[in-house]
Structure formats: C-alpha cells, structure tokens
There are 2 protein chains.
Amino acid sequence: MKKTTIADVARYANVSNSTVSQYLNKRYEYMSTETRKKIEEAVEALQYRPNLMARSLKQKSTFTIGIIVANIIHDFSTKIINALEAEFDKKGFHMIVCNSADNPKKEREHVETLLEKQVDGLIVFPTGENQNLYIRLNQQKMPIVFIDRFIEDVAIPAVLLDNFSAMDMAVEQFQKQPLAIVTTSLALPITPRVERLEGFRQALRKRDLPIDERYIKNGDPSEIEEIFNELFALEQPPRGIIAANDRIAQELMVYIKKHNLHVPDDLQVIAVDDVPYAKFITPSITTLQQPILPMAQKSAALLLAKIKKEQLPHEPQLYRFTPILMERDSTI
Amino acid sequence: MKKTTIADVARYANVSNSTVSQYLNKRYEYMSTETRKKIEEAVEALQYRPNLMARSLKQKSTFTIGIIVANIIHDFSTKIINALEAEFDKKGFHMIVCNSADNPKKEREHVETLLEKQVDGLIVFPTGENQNLYIRLNQQKMPIVFIDRFIEDVAIPAVLLDNFSAMDMAVEQFQKQPLAIVTTSLALPITPRVERLEGFRQALRKRDLPIDERYIKNGDPSEIEEIFNELFALEQPPRGIIAANDRIAQELMVYIKKHNLHVPDDLQVIAVDDVPYAKFITPSITTLQQPILPMAQKSAALLLAKIKKEQLPHEPQLYRFTPILMERDSTI
DNA sequence: CTGTTAGCGCATTCAC
DNA sequence: GTGAATGCGCTAACAG
C-alpha cells in the first residue's frame, strides 16, 4: 500500500540511495555493471516508480506548463489546446488546462495557483485586465506567451492573427454594399474583437466606402439575434456580413435559416475561423481560416525557448499570422 | 530572483517557520492576533507564495487529476474535457490533459508519468488494451474512472452512453429500409463502436428486419468515402443511415452534398452526437445527443468520492446515460 | 500561543 | 565505484 521509494530499492539491491539515484538518471559511468544489474532487478521486482514531485522540488522544474484559455467555448480555443498538447507532448511536457471564462479574477487566481504548483511556463489568452500581474511576472522572468490577444505595455510575446489583413481580405471579397460586421461582446477590450472591428473600418476607408457605426455591432451570444434583427431592419439592410468568430457564425446561420435569407444573392457571408460545416452546408461558406498549427507551434517554441533561457536578444513582441482565405459559395 | 520561502517570511516576521505554516493553513487559533498581523505583513511585503509541490510532497495530495482522452479529435472528447474542467474547478482541482490518440502504448506511458507526478486520480477514455495495468492500479486503490468506454473484467466504474437504447431509438425513427450504420475503425475493440453496431443489430432483430452485414460498416476516416461508395453501389442502397459519431456524420454530410442525395426522401439520416450544425443545415439533422454535462458531473463525482475514500459498498460498474433524441427534418 | 525537530522522496557534493 | 550527509520547502507532532 505504501509507495515504494528509492530507499526501498537501495535496500533490496544492497546499495546506497545515491547509487540508485545515479542509476535512475542514467549516469551509468558511476557504477559497476554488476550493481547496475542488481538495481535494475530491484526496480523491476519492486515495481518502483520515481516520485517526480520530489525530484522537481530539488531540480526546480516540473515539465508541466499551465494553459489559461479565455473562453473554452470557442472553437479556436479547443483547436489551439489540441495543437499545443501535441507540441508539448513531443518535448515531454504536460499541460494543466484552465479556463478563465473571460473573468479577470479567475484568470488571476489560476495564474497564482499554477505558479504555486511550480509550472515551468504559462501560455495564456489574457482577458486584458491584469497588466500589473503580468508586468511583475515578466520582471521575475517567468516564461509566458500570450495567444490570440496581447496586453498593451507588457513585454510578453503574443501569437495572434493578423486581424487587419484578415478584414481587408474579407472586405475585398464582397461585391455589394452596405457591409456589416458582428462580433462578441466588447465589454472587455479583447484584442481580436477590437482589431477586427477596427480592421473593418480601415478596409472600408481604404476603399472610400462610408463607415456607418450602425453596421458595426457587438454583443453577448444571447443578444446576437436581436442584433441581426436591428441590422436587417435598417432602411438599407446589409448585403454582405462578416461573422467575426465561430460563435457569431453559428448564430448567423441560424438566423439565415429562420428568416429564409438567400445567400449569396441577398446576402454575402464571410466567417472568421474555418467552421467545420463551412464546406458542406448549402451554400458553402467562405471563411478566413486561422493557421492553428503554425500558431500553436510558434507559441510552444517561444515558450520552450524562454524556459531554456534561450532568450533572443531582440525578440519581437507580436507574431502575427496571416489567415487563409477559403473561398466558397457564400461570396460568389 | 530566488524564490522567497516560508523561512524568509518567518525571519521577516520574527517568528518560527511552523507558526508561519500554521498561518498559511489558516489555523489562527494557534497564535496571537499580533503575530498573525506580523505574518500577514511579511507575506505581503515579500510577495510570498507557498510552494504547493513541497506541500504536496508532505501531504500526499496534489489537487490535480490526470485526464487521458483516447482521441482529442472527436467533438465528444473536447466537450467532455470542457465540462470536466468546470466541475473540477469548482472543487479546486486542476486537470492535466493528455491524448493517447488511440495508441495503447502512449496511453500506458501517460498513465505512468501522471502517476509519477502524483496525480490524485485519473479519468480515462481507455483504448481497451491495457487490462493488466488497470487491474494493478485498481488493486493499489488508485482512483480511476473510465468514460465512454470500459474494459472487460476490470472493476473500474465507467460512465458511458446507453448505446443499445440509442440504436433502438435510432432504428425506431426510420420509415424505410434497408438501414445502414457506419462507424470509425474497429481495429481496436472500442466500446461505443462495438456496442453501437451490436445495438443496431439487436434493434433490427427485435423488429424482425433482416441483418445484412454489408450494411454494417467501419473504417478509418480516410476510408469513409469509399465505404459510402460501396454502400450506395449495392443493388439496394440504404434508405436510412446512422452516422455513429461526429466524424462519420461530417463525412456523410460531405458525401450527401457531393452526390446530391436527397434527404430525407431518398435517404434518412441520424447522427450520434449533437453536432453544432445539425439544427441550421438544410435539411436539419436528427441527432442522438449525449448528455455531456450529466456524464461529466457523474464522472467527476465518482472520482472525487474515490479520492476522498467515500467508497460506496456496492457501486455499480457501469453508469449508462440515455441519449436525448433531437428529432429534425432528416427523418421526417 | 510559539519554537524545535523530524521527516516527505529525491539529488548532489564530497569523502572513502 | 560507492555511501553518508545535507537540503529542496513545507507540515506535523511535541515540547515549552
């Protein structure tokens, strides 16, 4: 019942604890082939498993990293988690996954507990509200990488979509006006939401199209249907609409079906995030796919470099990834 | 740079380590309000954070549990992970999430490392291949709960769908014959796949319908298109088809669009797992929704009970959950 | 109420 | 080559 320890193995093999420790760390030069064999047998016989916590306590490294996603409900979050898991698994790291649910307090608490658990590094989708916390951690050289979002004036690298190019690419696809964009709530200044709306405005400006804030909307999922109602009650209903993320895209699909809107003739549609149904729904939906795998790989690589203290001298703060346009029937 | 420890706090506050430890564990009865205040200040001034690993080493409990999903690619897995995260978060537990990718060797390795990291318990989607491992762990009283699948002759509770009722409900919905079912690869005897095919056979038998194995198929995602080709090349193509999980459902949707099959007139469709697009695609798809939240709650509760040694005397081994039928246009 | 002591399981000098 | 001693940071008796 009681766990077998290194001492049990040592006793069984008739050697000292430290020799067993050497063996476990594969420093075989420090022992005879004979003792090595004895220890091998003892480990097998006793079904010995080292206690990595005790080891970590000594070595100050746990081979586990903390992930804090802002909202596990988004498709993008789960896809990133999956990709990160694959990356870190290759390097022998485990991930503790937490959800801040876009709640800065929960975010802070998770960060603290994760640090108390001595994780080697942190990957977080920041809510945007804990600047001081991150500034402090950064000073303490805690390895951190942001994904999807960043915090102004905090020198922590962030991996995210090039939201401005994305919106430019989107606007470029539409043939008719007016254009609208809808995203989830801006109650917090969340990077992709802010940037996508701003990118939308820039793309219109660049083309000398009028910017009318009545066509630039945001709201909680529960309010989205009402938002669409308002949009389509305007004297000039939108002829093209950008769903700024997968949640909005889904609401839009429901709305389109319910009100029997004709895509793309009456309304053209582009969704950010390559939702799985985009290609087989009728009509198929044009999307801006985030390059999940490269983004996850970059994040993992950045974090691992920091953990190994391979700090690049002048590392950029923002790593922006260009989306992949999947042209389909909703923008023909 | 060096982490501040309990000793630093003790020195700063002019008390002993153990008094600080008492304070940290909120055993305030054992100290004067004065010293309590002093320690409070010291903790604040030094920005002290306890090292939970050191604590765990002593107390033999880490408040982290290991999750091993068989295939993170399935919608069901990520939904369960999300629900579990919420449950365990409530109780102050963290989760280390691993993916075995349906590879028994990876599964075993993850189990071992997780144990070495001293997780308090394990929730796993077993591949089905490591009976001996689980039997051993169960003897050692390691708290474990299976989800979605179980292993024969291993006394570990499993939370899963009532696949037999599910198939009966599905068959009941169809109005025309012949009926077919397709699931992912049976290279490994994975519970839901085996049970859904068997449940399908039972449902046919019960209704005195012929059982023709040519209509009961399985294969890797890459082979699915070919499987549909075979199915629809039969002298009597299926008039109703069950997609036994979300991956198959997606392949089926693509196939239907590509070959312009008419649902539900030519072909009726039911999918297991309530895929997000089911309600807004045209025609909408009838699904058998797995009750994710109750399943996650049950699993978490079972595991936590085991961890707290509240072992029920005669706990059942299998907790089967009835699916929720979402009747939509694909089976009208 | 507070301090002393002795581990938790392992790694690492440093003598032998 | 091998072992005894020390400490990682914290908790838990047990004295005082």
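Everything numeric here is computed off the predicted structure, so don't read it as measured data.

1. A few points about the overall build of chain A
Next, step 1: For chain A, the count of helices and strands is 12 helices and 12 strands.
Next, step 2: Taken against the 2.2 N^0.38 rule, which gives 20 Å for 332 residues, the C-alpha radius of gyration of chain A at 26 Å runs more than 25% over that of a compact globule.
Next, step 3: Projected onto the principal axes, the alpha-carbon positions of chain A cover approximately 90 × 40 × 35 Å.
Next, step 4: Counting over 332 residues, chain A shows a buried share of 54%.
Next, step 5: For chain A, restricting intrachain contacts to residue pairs at least 6 apart in sequence, the fraction spanning at least 24 positions comes to 68%.
Next, step 6: By element, 50% of the accessible surface of chain A is carried by carbon and sulfur atoms, the whole surface being about 15,000 Å².

2. Points about the interface of chain B and chain A
Next, step 1: Taken together, the 49 residues of chain B in the interface contact 49 residues of chain A.
Next, step 2: Both faces considered, chain B and chain A share a buried interface measuring about 4,600 Å² in area, 59% of it formed by carbon and sulfur atoms.
Next, step 3: Contact with chain A buries area across many residues of chain B, yet Met53(B), His94(B) and Phe280(B) alone supply 17% of it, more than any other trio.
Next, step 4: Between chain B and chain A we count 6 salt bridges in total.

3. Some remarks on the side chain of Thr287(A)
Residue and element names in this part refer to chain A.
Next, step 1: Mapping Thr287 onto the fold places it in strand E10 (residues 286-289).
Next, step 2: The class for Thr287 is buried, based on a relative accessible area of 0%.
Next, step 3: Setting aside residues no more than four positions away along its own chain, Thr287 makes contact with Ala271, Asp273, Asp274, Val275, Ala278, Ile324, Leu325, Met326 and Arg328.

4. Points about the protein's contact with DNA strand D
Next, step 1: Around DNA strand D, the surrounding shell holds 23 residues, and the nearest of these are Ser16(A), Thr35(A), Ile6(B), Tyr48(B) and Arg55(B).
Next, step 2: Expressed as a percentage, the sugar and phosphate content of the atoms of DNA strand D within 4 Å of the protein is 72%.
Next, step 3: Contact between DNA strand D and Ser16(A): a phosphate oxygen at 2.7 Å from a main-chain N or O atom of the residue.
Next, step 4: Counting residues per element, the ones that place at least two in the surface near DNA strand D are helix H2 (17-24) and helix H4 (52-59) of chain A together with helix H2 (17-24) and helix H4 (52-59) of chain B.
Next, step 5: Looking at which element gives the most residues to the surface near DNA strand D, the answer is H4(B), with 4 residues.
Next, step 6: The class makeup of the residues in the surface near DNA strand D is 8 nonpolar, 11 polar and 4 charged.

5. Comments concerning the domain arrangement of chain A
Residue and element names in this part refer to chain A.
Next, step 1: According to the domain assignment, chain A contains domain 1 (6-50), domain 2 (61-159 + 292-322) and domain 3 (163-290 + 325-331).
Next, step 2: Each of domain 2 and domain 3 has a C-alpha centre, and the two are 29 Å apart.
Next, step 3: On the side of domain 3, 17 residues touch domain 2, which itself brings 16 residues to the contact.
Next, step 4: Where domain 2 abuts domain 3, roughly 1,400 Å² becomes buried across the two surfaces, and 50% of that area is made up of carbon and sulfur atoms.
Next, step 5: Taken together, the links from domain 2 to domain 3 amount to 2 salt bridges.
Next, step 6: For Arg193, the salt bridge identified is with Asp102, shortest N-O distance 3.7 Å.
Next, step 7: Remark: the boundary between domain 2 and domain 3 carries 5 residue pairs in polar contact (both at pLDDT 80 or more).
Next, step 8: Counting only elements with at least two residues in the side of domain 2 that touches domain 3, the list comes to helix H5 (75-90) and helix H12 (292-307).
Next, step 9: When the residues that make up the side of domain 2 that touches domain 3 are grouped by side-chain class, the tally is 6 nonpolar, 3 polar and 7 charged.

6. Points about the pattern of salt bridges
Next, step 1: This model, assessed by the stated rule, comprises 44 salt bridges over all chains.
Next, step 2: For the salt bridge of Lys105(A) with Glu109(A), the shortest nitrogen-to-oxygen distance reads 3.2 Å. In this pair, Lys105(A) and Glu109(A) both sit in helix H6 (residues 104-116), 4 residues apart, roughly one turn of the helix.
Next, step 3: Across the salt bridge formed by Arg49(B) and Glu112(A), the nearest N and O atoms sit 3.3 Å from each other. One end of the pair, Arg49(B), is in the loop between helix H3 (33-46) and H4; the other, Glu112(A), is in helix H6, on a second chain.
Next, step 4: Of the residues examined, Glu112(A) reaches a relative accessible area of 16% and is grouped as buried.
Next, step 5: If you follow the salt bridges from partner to partner, you end up with Arg49(A), Glu112(B), Glu116(B) and Arg136(B) in one network.

7. Details of the pairing of E10(A)
Residue and element names in this part refer to chain A.
Next, step 1: Across 3 bridges, strand E9 (residues 268-272) lies against E10 in parallel orientation. Along E10, the bridge assignment pairs Ala271 with Thr287.
Next, step 2: Sheet topology places E10 next to strand E12 (residues 324-326); 3 bridges connect them, and they run antiparallel. If you follow Gln289 over to E12, its bridge partner there is Ile324.

8. Observations concerning unusual backbone geometry
All names here are of chain A.
Next, step 1: In this model, Val263 is joined to Pro264 through a cis peptide bond whose omega is 0°.
Next, step 2: Note on placement: Pro264 falls in the loop between helix H11 (246-258) and E9.
Next, step 3: For Asp153, which is not glycine, the phi dihedral falls at a positive 65°.
Next, step 4: Among the secondary structure elements, Asp153 is positioned in the loop between strand E4 (144-147) and strand E5 (158-161).

9. A short note on the protein's contact with DNA strand C
Next, step 1: Of all residues adjacent to DNA strand C, which total 25 residues, the nearest are Ile6(A), Tyr48(A), Arg55(A), Met31(B) and Lys58(B).
Next, step 2: Restricting the count to atoms of DNA strand C within 4 Å of the protein gives a sugar and phosphate share of 66%.
Next, step 3: Between DNA strand C and Ile6(A) there is a distance of 2.5 Å, counted from a phosphate oxygen to a backbone nitrogen or oxygen.
Next, step 4: Taking Asn51(A), its main chain carries an N or O atom lying 2.8 Å from a phosphate oxygen of DNA strand C.
Next, step 5: Every element with two or more residues in the surface near DNA strand C is listed here: H2 and H4 of chain A together with H2 and H4 of chain B.
Next, step 6: With 4 residues, the top contributor of residues to the surface near DNA strand C is H4(A).
Next, step 7: Class assignment for the residues of the surface near DNA strand C results in 8 nonpolar, 12 polar and 5 charged.

10. Topic: the sheet that holds strand E9 (residues 268-272) of chain B
Residues and elements named next belong to chain B.
Next, step 1: On the basis of which strands lie adjacent, the open sheet formed by 6 strands has the order E7-E6-E8-E9-E10-E12 and mixed pairing. Both outer strands of the open sheet, strand E7 (216-219) and strand E12 (324-326), are each paired with one neighbouring strand and no more. Taking each pair of neighbouring strands and ignoring which way they run, the sheet shows an average axis angle of 20°.
Next, step 2: Where strand E8 (residues 240-243) lies against E9, 4 bridges are found, and the strand directions are parallel. Bridge assignment links Ala243 to a residue of E9, and that residue is Ala271.
Next, step 3: Sheet strands touched by helix H8 (residues 163-173): strand E6 (179-184), E8, E9, strand E10 (286-289) and E12. Its angle to E10, the strand with the most contacts, is close to 165°.

11. Observations regarding the UniProt feature "domain: HTH lacI-type" (unreviewed entry) in chain A
Next, step 1: In the numbering adopted here, UniProt assigns the feature "domain: HTH lacI-type" (unreviewed entry) to residues 4-59 of chain A.
Next, step 2: A helix fraction of 68% and a strand fraction of 0% characterise residues 4-59 of chain A, whose end C-alpha atoms lie 21 Å from each other.

12. A closer look at the relation of the copies chain B and chain A
Next, step 1: Rotating chain B by 180° and translating it 0.0 Å along the rotation axis places it on chain A, where the RMSD comes to 0.1 Å. Taken together, the turn and the small shift mark the pair as related by a two-fold rotation axis. Every residue of chain B has its C-alpha some distance from the rotation axis, and the shortest such distance is that of Ile96(B), at 2.2 Å.
Next, step 2: Here 100% of the interface residues in chain B have copies in chain A that are interface residues too; the copies meet face to matching face.

Conventions and cut-offs
Residues numbered from 1 in each chain as written. Chains lettered and ligands numbered in written order. Predicted model: local features only at pLDDT ≥ 70, side-chain atom pairs only at ≥ 80, totals over all residues. Heavy atoms only, no water. Helix = DSSP H or I, 4+ residues; strand = E, 2+ residues; numbered from the N terminus. Rg over C-alpha atoms; globule rule 2.2 N^0.38 Å. Buried < 20%, exposed > 50% of the residue type's maximum accessible area, 1.4 Å probe, protein only. Contact = heavy atoms within 4.5 Å. Areas by Shrake-Rupley, 256 points an atom, 1.4 Å probe, with all protein chains shown as cover. Buried area = accessible area lost by both parts, 1.4 Å probe. Salt bridge = Lys/Arg side-chain N within 4 Å of Asp/Glu carboxyl O. Near = heavy atom within 4 Å. Polar contact = N/O pair within 3.5 Å; in protein donor to acceptor, adjacent residues only side chain to side chain. Nonpolar A, V, L, I, M, F, W, Y, C, P; charged D, E, K, R; others polar. Domains from an automatic or database assignment. Pairing = 2+ DSSP bridges. Axes fitted to C-alpha atoms, helices over the stretch in contact; angles between N-to-C directions. UniProt positions renumbered as here; feature names shortened; annotations may be inferred. Least-squares fit on C-alpha atoms with pLDDT ≥ 70 in both.

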